Every structure is written in structure tokens, then in C-alpha cells.
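Listed below are the residues making up each chain.
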2 protein chains.
Amino acid sequence: MNEQQHAGRADYRAWFAYHPRVDLETNMEKAPTYAWIASSDRNDTVRAAISVLAEGIGAMFGETPWVSALATDPDGETGKRSVGPNAADGANGADSGILVGTFAANERLREIFGVEAAELGREGFAIRTKEGVTAIGAHTPVGALYGAFHLLRLLATGADPSGHEVFERPANKLRMINQWDNIDGSIERGYAGPSIFYRDDAIDFEPARIRDYARLLASVGLNAIAINNVNVHRLESRFVTEDYLPRLAELAAIFRVYGIKLLLSVNFAAPIEVGGLPTADPLDEAVQQWWHERAAAIYEAIPDFCGFLVKADSENRPGPFTYGRGHAEGANMLADALGRHGGLVVWRCFVYNCKQDWRDRKTDRARAAYDHFMPLDGAFRDNVVLQIKNGPMDFQAREPVSPLLGAMERTNQVVEFQITQEYTGQQRHLCYLVPQWKTVLDFETHALGGAAPVKRIADGSVHGRTLGGFAAVSNIGADPNWTGHPLAQANLYGYGRLAWNPELSAEAIAEEWALQTFGANRRVADAVVGMLMESPDIYESYTAPLGVGWMVNPNHHYGPNVDGYEYDKWGTYHFADRDGVGVDRTVRSGTGYAGQYRGSNANMYESLADCPDELLLFFHHVPYGHRLKSGRTVIQHIYDTHFDGAQRAGELAQRWASLEGLVAADVYDEALARFREQAEHAKEWRDRINTYFYRKSGVPDEQGRTIY
Amino acid sequence: MNEQQHAGRADYRAWFAYHPRVDLETNMEKAPTYAWIASSDRNDTVRAAISVLAEGIGAMFGETPWVSALATDPDGETGKRSVGPNAADGANGADSGILVGTFAANERLREIFGVEAAELGREGFAIRTKEGVTAIGAHTPVGALYGAFHLLRLLATGADPSGHEVFERPANKLRMINQWDNIDGSIERGYAGPSIFYRDDAIDFEPARIRDYARLLASVGLNAIAINNVNVHRLESRFVTEDYLPRLAELAAIFRVYGIKLLLSVNFAAPIEVGGLPTADPLDEAVQQWWHERAAAIYEAIPDFCGFLVKADSENRPGPFTYGRGHAEGANMLADALGRHGGLVVWRCFVYNCKQDWRDRKTDRARAAYDHFMPLDGAFRDNVVLQIKNGPMDFQAREPVSPLLGAMERTNQVVEFQITQEYTGQQRHLCYLVPQWKTVLDFETHALGGAAPVKRIADGSVHGRTLGGFAAVSNIGADPNWTGHPLAQANLYGYGRLAWNPELSAEAIAEEWALQTFGANRRVADAVVGMLMESPDIYESYTAPLGVGWMVNPNHHYGPNVDGYEYDKWGTYHFADRDGVGVDRTVRSGTGYAGQYRGSNANMYESLADCPDELLLFFHHVPYGHRLKSGRTVIQHIYDTHFDGAQRAGELAQRWASLEGLVAADVYDEALARFREQAEHAKEWRDRINTYFYRKSGVPDEQGRTIY
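Residues numbered from 1 in each chain as written. Chains lettered and ligands numbered in written order. Predicted model: local features only at pLDDT ≥ 70, side-chain atom pairs only at ≥ 80, totals over all residues. Heavy atoms only, no water.

Some thoughts on the overall build of chain A
- When its secondary structure is counted, chain A shows 22 helices and 18 strands.
- Computed over the C-alpha atoms, the radius of gyration of chain A is 26 Å, within 12% of the 27 Å expected from 2.2 N^0.38 for a compact globule of 708 residues.
- Structurally, chain A occupies a C-alpha span of about 80 × 65 × 50 Å along its principal axes.
- Taking all 708 residues of chain A together, 64% fall into the buried category.
- Taking all contacts inside chain A whose residues are at least 6 apart in sequence as the whole, residues at least 24 apart take part in 71%.
- For chain A, the exposed area adds up to about 23900 Å²; of that, 48% sits on carbon and sulfur atoms.
- Of note, chain A has its 69 positive side-chain charges centred 2 Å away from the centre of its 92 negative side-chain charges. (Helix = DSSP H or I, 4+ residues; strand = E, 2+ residues; numbered from the N terminus. Rg over C-alpha atoms; globule rule 2.2 N^0.38 Å. Buried < 20%, exposed > 50% of the residue type's maximum accessible area, 1.4 Å probe, protein only. Contact = heavy atoms within 4.5 Å. Areas by Shrake-Rupley, 256 points an atom, 1.4 Å probe, with all protein chains shown as cover. Lys, Arg positive; Asp, Glu negative; His and termini not counted. Charge placed at Lys NZ, Arg CZ, Asp CG, Glu CD.)

And the structure:
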């Protein structure tokens, strides 16, 4: 923890709270079980694993394990007392302990796991308790680190410390975080204070805070971070130059200990703006040469640099279109520059016409990513990966899954989520996003004929791609509690856990997080898990109905404004009139978007009868009297859900208030203030949405509740 | 002119263009008529009068008059050659010339005007041509200056130079400009560049530019300027201290030459924020003492300081309410501090609840000024003047006249206009505001039983008040052409002319302005006058209909957004639903606002049958099918006016384009770009308003034009 700034704050510790294992207090087995920690590895990453184990076990079990001198710095000061070389082999007499490290460096680990280690891969780990030794073995130091975090997670969530048997490897190769941080210290769509990386037009960070963030990310298995906003401004365009690389290398060094590689968001026009060239045409030799030189300089500074993240020809960002080139030509040019160093290009597919005329009902933003990229399948280099937003529009509370996911068979792809709650309450409302992401990941794309859910697209297994995974926009900032709303930490936690293992359930993740964060008090854990699990439905209930989306205030996107984007250029319309509402995206009579789906999905969305209620207005324009599968009319559904959602939002505050004294005071106070705001603001949503539709439809509420 | 920055720019010269009098080119009378200028006055203001006369006559007649040595600086360098003392008495042989100055200093002026000078008052002037001498006489130097500007205006608009006979005095004592400039250099609601007074958190001005602005103001008779925004921020709160008074005194000295006195906008909470006192309670002795000390310091620095302008208990500004005191107690306290020095308190009546709940239909912002201030009639000191916005809501394109104007019989009042086009196109659209102001000024209030139009309320004559007049928010900034849209100069010009003489017609003012600005080309003048005169109707036609107002984007207030404020806290609603639109402000069934008017006005507005069409939706909520006096339904009126307004906006650009080559190139280009923007933006207005009401009403356009 960053003791200087936030010493002792529970909110800063997040899920590293390490509450005492009160269930074991009368059980004297606990002390001898983890009396020591040893390793024959001699690198910073395994040392970090030992450090977190020592801290966590010490806090949970009341006694900090001895750390073998071999496992520590040469001066041996880390442990309370030194144990002999035998300890490193786990042979230190009667006491039990932990042996952690790589198979290559630790003979005893090789003996314990034997051939079973073969399937762990580069980042996997195994944990096994045998003859008093809890062994954490991996092929790489970071695997051992992941194992250490996993053991701590097991112990913090109540696992019996006397025996473990775990084999884990991540489902996805790329498990990325995208920081939308700007060098001026602001964060685009950031709701938890300013940047921890930048301040006043400079890279300016406190190493301890960065290390603590790296530890949070690594603890849930994340392994890559794009360190600046995809909207790359003037100074950030120069990050690829020697002006900034030394400082970026310092950041990379901190993350490297935790197995996290750096990406930079780059400006496609940098050859002009930074390099002084007359063009940024990807086919221009001087441009190619410029990027090659930049890549060489970057790898000189950061040898394990992960690659570039690129938002090109999107929302006024420059890109290859300017030069009559396509996305593949643009991405491949960068990929060639990075490829010789082992680097990647992550190319965002969030490309659409952001200057649409609202009068034009033919153009459909939802179609754009598919229309732009589908024809390019197979045209990208092997070290290019397309980053595809999970929804075709943006990061609304409810959207269908992007039809581009899985459609391209010969192209690497990662699915992009948004942890920061841009459209989902901005960390002033509770909205646990893991259930939404699970819905996306489990969505059957029917690629290659079926058995192809998005999670199998993202991990590359459906199409046999070796490169794939997850990306997501971070929700952290310099606030002491990282995420503004302390319960929004669960979204960062859950994103990492899903990126590692998309089979985990939203509820299991919520429970893991709650137990680690608040301790083993079942009343607290049950209450928190219940609140988290209901929160997305509550939020959706009082905001835009039935998948129609938006209805927020322009620009900042907080709070209700039904017509906020209705007559604007962003392509986000609901077309509500006195008769009905919704967007006709059918092939038959609408924009044809439904036809971008495969197999039965296309038919399901095309059909008014089969389209799921929750997406009805995304796909169909219907009269207010249209009857949903629920039996209610659309207009009555709007009224009912909004009254219900606002009421349940109010109850969240009460439910949280019942935990007073059971959770740390700082966390309690921060969350309570936000729940109260949410309760008030949900009423505003309720009344504005209901009033808008009542004034338009003229249909009274069946229950005669107050509409203005 | 500010030659350094803007040398030779016609747009910077504004109505001081002084085109050659081509009509007189063959007429050799011109030269001898104004061969010399003389005065026995020895002060900067009369020198300024001589200077502007020399410059203007030189430009118009091709020969700069000789200036008498007596009338210039001691070194006599101003004139081309010196003329003897006799010249000062206008006795310089055959040549004709101008004698300008005060009656006290110029015996010949006393002789020429005799007893007729008695009625001119402190600021009036007389002009008379007699025996070859054009005499400009006044009781004060500023009167002489006004006379000089008036002579130039006559000559620039084509008057025969051979003879003049003019007696003028201003109708209003206070003829104020309010700058909404902030010390950071921004201007609240400014559309013509940054401030000319401030930059980067400092008072920072170029004296030549300030002098040129003072000359513009004085040329139309304005005599007071509040130099900082009524929303007084942190640093500006300190303007009343020695930190800023020396620089403010420098500003005051520049304005003083042109007869313009300085006001400061003050922060009612300054005793706390600046003085370090625990309260700003107006009845607290320490607070009173603090303001007395500040007043003394101000008058030490600026002996002719005009007074304070105060926005208190309005839009989150501090005020006496915080201490349980009323407006009279607050204003009188400040008035006592200033009164001993001859200063005034100008207290704004723009007080309303800006945190209204949109669900609450009882509260009516239109009522607020009257409700707050009417009970306080007679409670204010004689050196307090209430500044009352001309509309009860804000500065919309169409509002009824504030019922507070004239209602208070024992209270000084000025009427407040807004020259800057906050809601009237932000100087990107042409909107000549003089016709609107004329409508307000000619409005019969029925105070004291009648014959009490607003202009007679403002000048004090109806209620026998000696203090009254006009205030208006300036539309100028650091743009070279002062006002962004070069034709927006006409609004500044027109405001000053009306403040001097509210009997002038809007058309006469437009013509004066056009002839001075563009020269005596009738084709240009006729075109410009026509465009100016039609512009407010064009603008109103494509924006909010029938007096309902608003329908603009929040905060910046540019462009259409029908529901932009509909669910917000600012009290500005239209209540459109599928059946109808408008605000019921009747006594019978609405907010009762109509009852704030006197006599037949109350009945007229209360009655659906009698309410003028153009204010119908301000006073009544009616069905879309309601038939107007025009015979059209409300909905068809909306469609018709919006199609018509947008078309006429497009024609403005064409009409302007027909003047290419006939007006100065810089002015031509600047205006053309804005007319083109207006033409496009008017279509956006048309389509958004029409579409909104079509979607709500479902009523098709009778003419089948395109609505989206």
C-alpha cells in the first residue's frame, strides 16, 4: 500500500483488506501451516509474490511467515528471521510453509507437480499442499505471482488452509486495461479523481501508487496496460519520442515486476505532427521509416513493450482514410514497424460517422463497425488485433452484442468493455457490470456454425487464432479509494477475473470480491452480493427503456435527457413520436442492421415476435400499445419499470445503511453518500422519462401514479 | 483609432468611417465652411471634441480644418497652422469655421445662443450656424463633445453643411453600459472575442483601445460603464481594494475625457471574502464600516466614481437574504456608504428561484421580480436605482414587458436591455434589437392611470423621479470589428441613440448607422436598413414560436433544443405535450402572472381572445388546433413561420452578397461568413422545431413540406 498518502485507509486497500481469519482463531493449526515462505527464484516478480504472501498471511493469520533469506534481497532483511537453505526446499522440520517459484529454479516444485505442470502454459500456475508444504509452481515468475495472489484469494474467501489443489491458466492471452488518461492530469470519462500517471502536462507519478495499482491489476491477472488516452492529444503524440520514453520506461519497470506490459496509444498523424513529415500516408516510405525508427527507440527504452493502441478515423481522430488508404493498410504499416521487436498493434473498430444528419434515417451507427471491417477479414498482419466494442453503438447499459464479434474468421480480435461507468451512473450510481459482460461473453454468435460464444471468439479458440483476449477502459483515478464509489472496485476486480476465466459467474465474482474486501461476515457479504447483483437491473429500470439507449445529457453523459441526442450528429436516436418509439433496424423495413447477425440471431432480431423484450426498441419502432412478452404494453412497461427502479434505488441506500459498523467507516461513508445521490437521481430519471412519454403518448398510468 | 493594432481597418472604425462627401465634390462651399476649429475651453474633453471634429471633417471634406492654438495643447501642434486669438471668437475674416465649447468659457457662444441655452441641462448642447460660424455650445465640456459628435453625425448622414440649428438634451440621466467581462479575460455572454479590459487574471488593457471604445460610447451619448461582470468572482471581489484601485483609476481617467463614469460590480459578500469579517449582514456595524472605508478609498482614487452595480440573491450570488435581510436593507447599506461621496447603488431586480423543480407548475419565474420588489416600493434610498430587465424572464427574442416597470411609484428605476445577443443569435445571426427595445419603450404601463409608457417610466417623468435611465449589457470584445458580426455594431449604436432619445424610430437609427458606416451610397444604405429592420422578425420566425421562449441549448444558449430547459431547474418551460403547448399564466387557472399588469393590460393578457398572437404561448396553454387572430392554427403557424423564417434567413446572405464591392472588404467578408452560417443554422432551427412539434402533435403540414 501507498502508506505515505493513504496509510491505513480501508478504501485504498480495496480487495487487499486481509481481514483476520476469525473462524480460525481457536484453531492452532493456522500458525504452523504458513510459518515460512521460500523460493530459489531470484527476481523481482517472485520477490513480489513472497512479499504479498507475507503481508496477506500475516494480516489474516496474525503471524507473518519467516521469509527464507534466499528468497529475499541479498541483505535478507525482508523476513523476520532467516531460515536456512533447507527451508527453500520446504524441509525445515516440523513447521509448515510455502514454497513459491518457477519450476526451473526450484527442484522441489518440479518434484511436487511433475508432469502435471506441462499444461500450465506461460502464465498458469499450480497450487498443491503436500507434506506440510503449500507449493505454488509456475513456468514463469509471473505465473508464480498469480499463484500467490490466488492462494491469498482462497484464504481471504474462507478456504481451509490445510490443503489446496489448484491448476489454473488464463483463458485469454491479452488481458488489457486501457487508461483514458491525459497528460494534463484529466481522465476522459474518469469519475474517480485525476490521473495517477500525469499532472500539469507532464508524466508525473508517485512510484508507490503505480506499484499499488500494478498489484491490484496483477492480483486479478491483468497483463497489459495502455497508458494514455486513445484520443491522443498534442503532447501525448510525442510519447514515442526520446522526450518522454525515459519516464515511460520508469513506468514500464514498475509494471514489469507485476507481469504487466505497456502499450501506448498513438496518433496516426504523428509523422506529421511530431516527425515534421508532409504526410502520414501509411504507404509512404518516409512515414514507414519514421515509425520504424520510433519503434526501435521504444524497444531500446522498453524491451518488453507490448505495442500500440490506435483509434484511427474515428470521432475526428486522424487515420489512413485521409490518404485514401484503408484500416488494414494503416494497421499493417504500424504492425511492420513493431513486429520485428515482437510488438502488437491493437486497432480499435469504433469507427462510425460522428457527423450524421439526424434527418437521415438510413445511416445507422450500429452498422458501422461491421460495415467498415468485415470486408477486411484476412487483410491484417498476424500481429494486429482488432479491438471490438461489446455493443455496436457504445457502452450503453443495454445493447445487443456487436455482430462483428466472431464474424471475422481470419482476424485477431479482442472484445472491449468499459469498466468506467460512462453511461452506467458514473460511479455515483451502483452498477455492477459483470452480469452485462457475462451476457456478452455467453452470447452465441453462430460463427462457424455454432458453439461459438463470444468468450470463445475472444480467446481465439473458435477460429484458431493465437492472439486474442479482452480490453477494457479503466475506472480508477487518484481518489484514495481508486474508483470514486467504493463498490465500483468490484467492476475492476470482476473484469480481471473474467479476463482470466470467463466461466466464473457474476455472483461468484461478487462474493469473492465482497469477502476479500469486507471480511468473512456473511451478513455483509450477502448484503453486498445482493446489492451488486440487482444493481444493473435497477439502473436499467429507471433509465432508457427496452434497449433504446442514450437519453442522457450530451457531452458528460450523466443524468436523464430524453432528447439530449435526438437532433444531434452522433447517430443516437430513439425516434419517439406521439404514436411510438424505437429504431427500425430490420432488413425488411429498417436499416438492415439485424441482417449483420448470423443464423438464428438475425431472424430473432428481425422478428417483432421473437426479439427479446429488453432489446425491442433497439431493433423495432413500435406503438406505445405494443404488447411485450411480459404481457405489458410498452408504455406501461416504461411507467412500471421506472417507478419500480427508482423505488429499488432508494432501497439500496437503506440496505447499505443497515451495514453501519460492519464495514470500514471510510468505505461506509463514501458509499452511503453515493447511494443517497443515486436514490435522489433515480427519481429524477423516473419523472423525466415517465413525463416525457406521458406527454407524448397521452396514455395514463394504469395505476394512476404521479406523472408530471 | 487604435492605429497600432487595427490600422486602416474599416470594421474597427465602425460608424466613424467618415466617407468622403462625394455629393459635395463639385461644390466649393465645403472648404471654407469648416476651415478652422476654435475654443476657449482648456480641458481634455473639449480637446477631444476638437480632435474628432478635425478628423471627421478632414476625412469627409478632404481638408482638415486648422485648429486654433488656444484650442490645443500649449505647444500648438495639433493644427496645421496656428490662427490668432480672433479665430477663437470666430472672427477670422472670410473663412468659416467651428466654434465649440462651454458657454462659461466662450463669450461668443453665449452671444450666439443667448437665453436659449437655459434649457439644455448639464449634458445637452446646441448647434447653430450663424455668420459663417458653426457654433456648438453647451454648459459642460461633455455637452460640447456630444454636440461635436452630433454635428459629425449630421454631416456623415448627408446634412447640408451650410446651416444647422439643433437643440438636444438627453431624455435619460443614466445611460449605462454593463460589461460582463471577467478578469481572466473571458466575457460572460460575449461573442466578439476576449475582453479589452482584462487578461490572465489581471487588469490589462491597451489605453488606445479603451479610448477608442470610450469614443464609440460617447458618440452616441452613453455616460456610465460598469466595468466588470455582475457575477463577481474571487479576484474581482477585490476591485474595491487598493490592490486594484490604481489600475481602475487609470481606466476611469480614459473614460472621464469622454464623459463616462465608472461603476463597479461588487460582491455583496466582499466583507467576508475580502475584508475577513465573519458576516456580510448589512445591519452589522463592522460591515457598514468596511463598506464606508472601501467607498472612501474608491473616491480617493476615482473622485467622480459613479457607483456600485449589484446582483444580489440572484442565481447563486450572495445577498442580504443570507442574513435574514431584504433587498432594501442590502441596497441602502451600500447607498449610505456611497451617498456621502455622491455615488449610486444600481441594484438588479433579476431575482428568482433558479433551483425550481420542473415538476412544480405553481412557481413562475416571470412573477419573481415583481413579487420580490413591489412590496419594497418606497423603501430604497434616493441614491438607489433598481435595474429592471425589460422582459420578466430574461432576454428572449419575445417576451412581454416586465410588469415591474412603472409599478413602483416611489423607487428609482432603469430599464435593462441586452445588446449582446445571448438569445438572439450570438452575433452569428443578424438580429437588430432596436425594434424590440422600441416596443418595450412605447409599451403603455397604465401607471398612474395612463400616458405612462416605459420610456417615461425610465426617464423618471411619470413618477417625478430625478434618477432613471437605461442600462444594457455590452456586445463588444477584442475582435477587430468590436462586435463579431459587423452589423451587430448597429445594436450598440442604436442602444446609445435610444438612451439619448427614445423617440427616434428604429428605422431612422438604422439609416443613421448605415450611412455613417457605409457611406452615402443609397443602394447600400437601403439594403442594410431593410435587412436590419426585417432581421428580428426573421430570427423570431425560425426560433421559439409565439412568445414561448427558450428552446435553446442549455448553458451556452446557442442553437435549437426544444426540451433543453424543459426538465431543468431554471423555471423556463413550455409544457408541450401531444395536445398543446404554452404556459398558463392567467389569474383564472394559471400562475396569476397576468394579474401583475395594470388596467387593460391585465385583461388583455388574461383573455385568450385578446392576448396578442406573438405572446399567446407566454400567457396561455392552448391546443395545437387553436386558431390565432391570423386565422391559422397554432401548429400551422409554427410550420409556416419556420419554413418562411429559414427561407428569409437564406435570402439575407444573398442580399448581402449583392453589396460586394460596395462595402469595405473586411466588413463584407466577415458579414458574409456569418450570413452563411445563419442560413444553415436557420434550417437546423426550422427542422428541429417543426419535427419536434410534428412528432408530438401528429398534425401534418397543410402544404406537405418536408418535416422529419
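Once the structure has been displayed, the description carries forward.
Focus on the pattern of salt bridges
- Throughout the structure, instances matching the rule amount to 100 salt bridges over all chains.
- For Arg359(B), the salt bridge identified is with Asp687(A), shortest N-O distance 2.4 Å. With one member in each of two chains, Arg359(B) in the loop between strand E13 (344-348) and helix H13 (368-373) and Asp687(A) in helix H22 (residues 665-697) form a pair that bridges those chains.
- A residue is classified by how much of its surface remains accessible, and Arg359(B), at 17% relative accessible area, is buried.
- Between Arg238(B) and Asp243(B) there is a salt bridge, with its nearest N and O atoms 2.9 Å apart.
- Looking at Asp243(B), the relative accessible area reads 52%, which means it is exposed.
- Via salt bridges that share partners, Arg13(A), Glu55(A), Arg211(A), Asp212(A) and Arg215(A) belong to a single interconnected network. (Salt bridge = Lys/Arg side-chain N within 4 Å of Asp/Glu carboxyl O.)

Let's talk about the packing of aromatic side chains
- Scanning the entire structure with this criterion turns up 92 aromatic pairs over all chains.
- Seen from their ring centres, Tyr605(B) and Phe619(B) are 4.2 Å apart, and the 5° between their planes marks the pair as stacked. Of this pair, Tyr605(B) sits in helix H19 (residues 599-606) while Phe619(B) sits in helix H20 (residues 616-619), placing them 14 residues apart in sequence. One exposure class covers both Tyr605(B) and Phe619(B), and it is buried.
- The structure contains a cluster of three or more aromatic residues connected by ring pairs, namely Tyr12(A), Phe197(A), Tyr198(A), Tyr213(A), Phe239(A), Tyr244(A), Phe255(A) and Trp482(A).
- Sitting over the ring of Phe618(A), Arg585(A) keeps its end group 4.2 Å from the ring centre.
- Here Lys696(A) stacks its cationic end above the ring of Tyr692(B), 5.8 Å away from the centre of that ring. (Phe/Tyr/Trp six-rings, centres within 6.5 Å; stacked < 30°, edge-to-face > 60°. Lys NZ or Arg CZ within 6 Å of the ring centre and 35° of its normal.)

Some points on the sheet that holds strand E7 (residues 174-178) of chain A
Residue and element names in this part refer to chain A.
- One closed barrel holds the eight strands; their spatial order is E7-E10-E11-E12-E13-E14-E15-E16, and the pairing between them is parallel. Sheet twist, expressed as the mean angle between neighbouring strand axes with direction ignored, is 25°.
- Across six bridges, the pairing between strand E15 (residues 412-418) and strand E16 (residues 468-473) is parallel. Directly across from Val-415, in E16, lies its bridge partner Phe-470.
- Contacts between helix H12 (residues 327-339) and the sheet are confined to strand E12 (307-310), strand E13 (344-348) and strand E14 (384-389), with E13 contributing the most and set at about 155° to the helix. (Pairing = 2+ DSSP bridges. Axes fitted to C-alpha atoms, helices over the stretch in contact; angles between N-to-C directions.)

A few points about the nonpolar core
- One finds Tyr213(B), Phe255(B), Phe308(B) and Trp656(B) to be the most contacted residues of the largest nonpolar core, which totals 222 residues.
- When sequence neighbours within four positions are dropped, the list of residues in contact with Tyr213(B) reads Ile177(B), Gln179(B), Ile196(B), Phe197(B), Ile225(B), Phe255(B), Ser474(B), Ile476(B), Trp482(B) and Leu492(B).
- Leu53(A), Ile127(A), Cys306(A) and Val529(A) belong to the second-largest nonpolar core, a separate cluster that totals 220 residues. (Core = buried A, V, L, I, M, F, W, Y, C linked by side-chain atoms within 4.5 Å.)

With respect to the interface of chain B and chain A
- The interface of chain B with chain A comprises 21 residues on the first partner and 22 residues on the second.
- Buried area between chain B and chain A, summed over both chains or domains, comes out near 2300 Å², and the portion from carbon and sulfur atoms is 46%.
- If you sort the residues of chain B by the area they bury against chain A, Tyr567(B), Arg578(B) and Arg695(B) come out on top, with a joint share of 36%.
- Applying the counting criterion to the chain B and chain A interface returns six salt bridges.
- In this structure, Arg695(A) engages Glu566(B) in a salt bridge whose closest nitrogen and oxygen atoms are separated by 2.9 Å.
- Here the residues of the side of chain B that touches chain A sort into six nonpolar, three polar and twelve charged. (Buried area = accessible area lost by both parts, 1.4 Å probe. Nonpolar A, V, L, I, M, F, W, Y, C, P; charged D, E, K, R; others polar.)

Some remarks on the sheet that holds strand E4 (residues 125-130) of chain B
Residues and elements named next belong to chain B.
- In spatial order, the strands read E2-E1-E3-E5-E4-E6; together these six strands make up an open sheet with mixed pairing. Of all strands in the sheet, those with a lone pairing partner are strand E2 (66-67) and strand E6 (165-168), marking the two edges.
- In the packing of helix H4 (residues 44-61) onto the sheet, the strands contacted are strand E1 (36-38), E2, strand E3 (97-102) and strand E5 (133-138), and the crossing angle to E3 comes to about 155°.

Re the relation of the copies chain B and chain A
- Superposition record for chain B on chain A: RMSD 0.0 Å, screw rotation 180°, translation along axis 0.1 Å. Taken together, the rotation and translation relating the two chain copies correspond to the operation of a two-fold axis.
- Comparing interface residues between copies, 100% of those in chain B also sit at the interface in chain A, which points to an isologous, same-surface contact. (Least-squares fit on C-alpha atoms with pLDDT ≥ 70 in both.)

Considerations on the side chain of Arg128(A)
- Secondary-structure assignment places Arg128(A) in strand E4 (residues 125-130).
- Non-local contacts of Arg128(A), meaning those with residues more than four positions away in its chain, are made with Ile112(A), Phe113(A), Glu116(A), Val133(A), Thr134(A), Ala135(A), His164(A), Glu165(A) and Phe167(A).

Side note on the environment of Ala368(A)
Residue and element names in this part refer to chain A.
- The topology assignment puts Ala-368 in helix H13 (residues 368-373).
- Overall, the relative accessible area of 11% leaves Ala-368 in the buried class.
- In contact with Ala-368, not counting residues within four places along its chain, are Val-351 and Tyr-352.

What about the packing of helix H8 (residues 207-219) of chain B against helix H9 (residues 245-257) of chain B?
Residues and elements named next belong to chain B.
- As a packed pair, H8 and H9 sit with axes 8 Å apart at the nearest point and diverge in direction by 40°. By the angle between their directions, the pair H8 and H9 is classed as oblique. Crossing handedness for the pair H8 and H9: right-handed. Across the interface between the two elements, Pro-207, Ile-210, Arg-211, Tyr-213, Ala-214 and Leu-217 of H8 pack against Leu-251, Ile-254 and Phe-255 of H9.
- Residues that form the contact of H8 with H9 fall into these classes: eight nonpolar, no polar and one charged. (Parallel < 35°, antiparallel > 145°, perpendicular 65-115°, else oblique. Left-handed = near helix turned anticlockwise from the far one by under 90°.)

A word on the environment of Asp200(A)
Residue and element names in this part refer to chain A.
- Note that Asp-200 resides in the loop between strand E8 (198-199) and strand E9 (202-203).
- Residue classification places Asp-200 among the exposed residues on the basis of a relative accessible area of 65%.
- Separated by 14 residues in the primary sequence, Asp-200 and Ser-186 place their C-alpha atoms 9.2 Å from one another.
- Not counting the four nearest positions on each side in its chain, Asp-200 is found in contact with Ile-183 and Asp-184.

Focus on helix H11 (residues 285-301) of chain B
All names here are of chain B.
- Taking 1.5 Å of rise per residue, the 17 residues of H11 would be expected to cover 24 Å, and the 24 Å separating its terminal C-alpha atoms lies within 8% of that figure.
- Considered for burial, the residues of H11 that qualify are Val-287, Trp-290, Trp-291, His-292, Arg-294, Ala-295, Ala-297, Ile-298 and Tyr-299.
- In the core, the buried residues of H11 are packed alongside H9, strand E11 (261-266), helix H10 (270-273), strand E12 (307-310) and helix H12 (327-339). (Expected span 1.5 Å × (residues − 1).)

A closer look at the pairing of E7(A)
Residues and elements named next belong to chain A.
- The element E7 is extensively covered by neighbouring structure, given that five of its five residues are classed as buried.
- Alternating residues of E7 divide into Leu-174, Met-176 and Asn-178 and Arg-175 and Ile-177, and every residue in both groups is buried.
- In the sheet, E7 pairs with E16 via three bridges, with the strands oriented parallel. Within E16, the residue paired with Asn-178 across the bridge is Val-473.
- Both E7 and strand E10 (residues 224-226) contribute to a ladder of three bridges, which runs parallel. The partner of Ile-177 across the bridge, within E10, is Ile-225.

Focus on the side chain of Arg294(B)
Residues and elements named next belong to chain B.
- Within the element layout of this structure, Arg-294 appears in helix H11.
- For Arg-294, a relative accessible area of 12% puts it in the buried group.
- In this structure the side chain of Arg-294 is engaged in a polar contact, spanning 3.0 Å, whose partner is the side chain of Glu-242.
- If we ignore the near neighbours within four places in the chain, the residues touching Arg-294 are Val-240, Thr-241 and Glu-242. (Polar contact = N/O pair within 3.5 Å; in protein donor to acceptor, adjacent residues only side chain to side chain.)

Quick word on the UniProt feature "domain: Glycosyl hydrolase family 67 C-terminal" (unreviewed entry) in chain A
- Those residues carrying the UniProt feature "domain: Glycosyl hydrolase family 67 C-terminal" (unreviewed entry) are residues 483-705 of chain A in this numbering.
- What you have in residues 483-705 of chain A is 52% helix and 2% strand, and the ends, taken at the C-alpha atoms, are 37 Å apart. (UniProt positions renumbered as here; feature names shortened; annotations may be inferred.)

A look at unusual backbone geometry
- Look at Asn555(A): it is not a glycine, yet its phi comes out positive at around 70°.
- Position of Asn555(A) relative to the elements: it lies in the loop between helix H18 (522-542) and strand E17 (580-581).
- By relative accessible area, which is 60% here, Asn555(A) ends up exposed.
- Positive phi, normally seen in glycine, also occurs at Asn316(B), with a value near 75°.
- Relative to the assigned elements, Asn316(B) resides in the loop between E12 and H12.
- The exposure class assigned to Asn316(B) is exposed, which follows from its relative accessible area of 53%.

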